[in-house]
Amino acid sequence: MQIAIYITIFLVSAIVFLFVGYIARKKIAESKIQSAEREAARILENANKEAENAKKEEIVKAKEEIIVARNELEEEIRERRSDVQQQEKRLMQKEENLEKKIYNVEQREKGLDQRENSIEEERLEVQKLKDSELDELERIARLTAEEAKKQLLAELDDTLTAEKAERIKKMEEQIKDKSEETAKNVISYSIQKCAADHTSESTVSIVSLPSDDMKGRIIGREGRNIKALETLTGVDFIIDDTPEAVVISGFDPLRREVAKIALEKLLNDGRIHPSKIEEMVEKAKEELAKTIKEEGERAAMEAGVINLHPDIINLLGKLKYRTSYGQNVLMHSIEVSNLARIMADELGLDVKLARRAGLLHDIGKALDHDMEGTHVEIGVDILKKYKEDAKVINAVQAHHGDVEPQTPEAALVQAADAISASRPGARRETLEAYMKRLEQLEGIADSFEGVDKSYAIQAGREIRIIVKPEKVSDDEMTLMARNIADKIEQDMEYPGQIKVNMIRERRVVDYAK
């Protein structure tokens, strides 16, 4: 029972204590809240005061900046006003100066008008004086104005002839001092840079034999071997004329070369009969075709020309077996290419075009035995067929003067061709053509009035003309030399140049008795 009472008392005491503790904690919490509210109010009040102060400071700063900006703007406006005023002053000064100039010009125009009027009056007076003096001169000289003019012109003609001759001499000397020196330097430099060997033109080839006994084997039984050779190669074999040699005669150099190679192979093999001959001829043709290709490639490489069509390379190779007036055409083409290249390089022109046109300028000679037409026409057709450059085609077409050169490089190819052909020993002419050229040269000189005698010398490189002194004066002789040179250029075709040498001498003969 007591235990229950104790427990009840304990429970009641616990409840009381809990209630008292709750009340006490509530009061403490209320006091803390109140203090926190007071602190928050204080902080808020301080923040409001600081914000108000910052606001006032910013307003003050903004006002100061506005004042500074306003001052700067006012200063800039003042400066601009000053510049504008200065510009206005300058413009006003310019206007004043311009007005003064206009005034001066007007005054000058008035002065010029007055001078023009006075000059016109003076001109009329001078004309009157001139007319009166002319009438007086006619009366004194007893000549009309037309008669005096004719007499004066006749005297002037004689004077002008001497002056023209003198001027021609001076101009020729000046031109020779400049142009000839430059041209000679370029040409001589080109010639020195390119020298080539030349062989004589021939229509026969010779094959040496180890002994004359081989001739019988070449002829064969009843001539069957030599007939087979001549039939397969298209050339003539001359066996009996030359000891220990066989002469191969034929117009086509390629056929002669095939025959020569085939015969040499037969001699090395030792077996000579129709079937072997046919075999060796075929091998010779193959070997010649290979040689032609190699020679064409060598020529293109030596001349520095690239991107040639294979057919054109083969045609170049054929030129090795073609000669013109004793000059090998392939060597001549390479030489012309090198000469044109050197001159183009010296003159600052297109070197590639010059060397290409120079190499291909005689390409038509590879086929001129097989086709109708000149080698120039054939060459142009070939190059058009293989779509060569139009400038190259023009250079080929113009290298003998058939058309006008359209490029400086075409003119260089012309010059290079003439240089290569006119080199001493490069070509030989037939006696008939040589004599005909000399006769034509003397005939041109003799056609001029006042020529006494003319002689073509130096293998046609110089024409020496003796004039009649009573008909041709020294001054007229200069003009005559120029006219003869022009006629030679128009009427004749020749490589290089021809010197016109004029001679005038007066001889007086008397006898002492």
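Everything numeric here is computed off the predicted structure, so don't read it as measured data.

Asks: Please give an account of unusual backbone geometry that cites residues and values.
Replies: Positive phi outside glycine occurs at Asn307, with the angle close to 60°. Position of Asn307 among the secondary structure elements: in the loop between helix H6 (274-303) and helix H7 (310-318). Positioned with a positive phi, Lys387 is a non-glycine residue whose angle comes to about 55°. Assessed through its relative accessible area of 72%, Lys387 is described here as exposed.

Asks: I'd like a rundown of the side chain of Arg322, residues and numbers included.
Replies: One can find Arg322 in the loop between H7 and strand E4 (323-324). On the accessibility criterion, Arg322 (13% relative accessible area) is buried. Engagement of the side chain of Arg322 in a polar contact is seen with the backbone oxygen of Lys365, the distance being 3.4 Å.

Asks: Describe in detail a nonpolar patch on the surface, supporting the description with residues and values.
Replies: Nonpolar side chains collect at one region of the surface, where Val12, Val16, Phe19, Val20, Tyr22 and Ile23 lie side by side and expose about 550 Å² of accessible area between them. You can see Val12 is positioned in helix H1 (residues 2-141).

Asks: Kindly report on the sheet that holds strand E3 (residues 245-249), identifying the contributing residues and their values.
Replies: Read from one edge to the other, the open sheet built from 3 strands follows the order E1-E3-E2, with strand pairing classed as antiparallel. The open sheet terminates on both sides in strands that have one partner only, identified here as strand E1 (204-208) and strand E2 (236-238). Adjacent strand axes in the sheet meet at a mean angle of 25° when their direction is disregarded. Here E2 pairs with E3 via 3 bridges, running antiparallel. The residue of E3 that forms the bridge with Phe237 is Ile248.

Asks: An account of the pairing of E3 is requested, with residue identities and associated values reported.
Replies: Buried residues dominate E3, accounting for 4 of its 5 residues. Two strands pair when backbone bridges link them, and E1 and E3 are joined in this way by 5 bridges, in the antiparallel orientation. Paired with Ser208 across the bridge in E3 is Ala245.

Asks: Let's hear about the sheet that holds strand E7 (residues 462-467): which residues, and what values?
Replies: Either a parallel or an antiparallel arrangement is found when strands of a sheet pair, and the pairing is made through backbone hydrogen bonds. If you trace the 3 strands from one edge of the open sheet to the other, you get E6-E7-E8, paired in mixed fashion. Where the open sheet ends on each side, the last strands, each with one partner, are strand E6 (451-457) and strand E8 (499-503). For this sheet, the mean angle separating the axes of adjacent strands, direction not counted, is 20°. Both E7 and E8 contribute to a ladder of 5 bridges, which runs parallel. Directly across from Ile465, in E8, lies its bridge partner Met502. Against the sheet, helix H14 (residues 474-491) engages E6, E7 and E8, with an angle of about 150° to E8.

Asks: So what about the nonpolar core? Which residues, and what values?
Replies: Leu308, Leu316, Leu359, Leu360 and Leu383 are the most contacted members of the largest nonpolar core, which has 40 residues in total. Among the secondary structure elements, those contributing two or more residues to this core are H6, H7, helix H8 (329-347), helix H9 (351-360), helix H10 (375-385), helix H11 (390-398) and helix H12 (408-422). Counting residues per element, this core draws most heavily on H8, which supplies 8 residues. Those residues in contact with Leu359 that sit more than four places away from it in its chain are Ala299, Ala300, Ala303, Val305, Leu308, Leu316, Ser333, Ile334 and Ser337. Core analysis: the second largest hydrophobic core is formed by 28 residues, Ile226, Ile239, Leu254 and Ala284 among them.

Asks: An account of helix H4 (residues 224-233) is needed here, citing residue identities and associated values.
Replies: Residue pairs three or four apart in sequence face the same way in an α-helix, which turns once every 3.6 residues. Along H4, the positions that sit buried rather than exposed are Asn225, Ile226, Ala228, Leu229 and Thr233. When H4 is viewed along its axis, its buried side chains cluster within an angular range of 160° and face the same direction. For H4, the exposed residues lying more than 90 degrees away from the buried face are Lys227 and Thr231. Along its buried surface, H4 packs onto helix H3 (213-219), E2, helix H5 (253-269) and H6.

Asks: Now, about H6: what can you tell me, with residues and values included?
Replies: Taking 1.5 Å per residue as the helical rise, H6 with its 30 residues ought to reach 44 Å, and the 43 Å between its terminal C-alpha atoms agrees with that figure. Along H6, the positions that sit buried rather than exposed are Lys276, Ile277, Met280, Val281, Ala284, Leu288, Ile292, Glu295, Gly296, Ala299, Ala300 and Ala303. Considering only its buried residues, H6 is in contact with H4, H5, H7, H8 and H9. At the C-terminal side of H6, Gly304 shows a positive phi close to 75°.

Asks: Talk me through the packing of H9 against H11; I want residue IDs and the actual numbers.
Replies: Direction vectors running N to C along H9 and H11 enclose 50°, while the axes themselves pass 9 Å from each other. Classed by the angle they form, the pair H9 and H11 counts as oblique. For the pair H9 and H11, the crossing hand works out as right-handed. Contacts between H9 and H11 pair Leu353, Arg356, Ala357 and Leu360 from the former with Lys391, Val392, Ala395 and Val396 from the latter.

Asks: Hey, could you go over the confidence of the model for the chain for me, with residue numbers and the actual values?
Replies: Looking at the chain, pLDDT values average 80 and 86% of them are 70 or higher. Counted against residues more than four places away or in other chains, residues 195-201, with its pLDDT under 50, gives 20 contacts.

The rules we used
Residues numbered from 1 in each chain as written. Predicted model: local features only at pLDDT ≥ 70, side-chain atom pairs only at ≥ 80, totals over all residues. Heavy atoms only, no water. Helix = DSSP H or I, 4+ residues; strand = E, 2+ residues; numbered from the N terminus. Buried < 20%, exposed > 50% of the residue type's maximum accessible area, 1.4 Å probe, protein only. Polar contact = N/O pair within 3.5 Å; in protein donor to acceptor, adjacent residues only side chain to side chain. Patch = residues over 30% accessible without salt bridge, like charges linked within 9 Å, V, L, I, M, F, W, Y side chains within 5 Å. Areas by Shrake-Rupley, 256 points an atom, 1.4 Å probe, with all protein chains shown as cover. Salt bridge = Lys/Arg side-chain N within 4 Å of Asp/Glu carboxyl O. Pairing = 2+ DSSP bridges. Axes fitted to C-alpha atoms, helices over the stretch in contact; angles between N-to-C directions. Contact = heavy atoms within 4.5 Å. Core = buried A, V, L, I, M, F, W, Y, C linked by side-chain atoms within 4.5 Å. Arc of directions from axis to C-beta. Expected span 1.5 Å × (residues − 1). Parallel < 35°, antiparallel > 145°, perpendicular 65-115°, else oblique. Left-handed = near helix turned anticlockwise from the far one by under 90°. pLDDT = per-residue confidence, 0-100.

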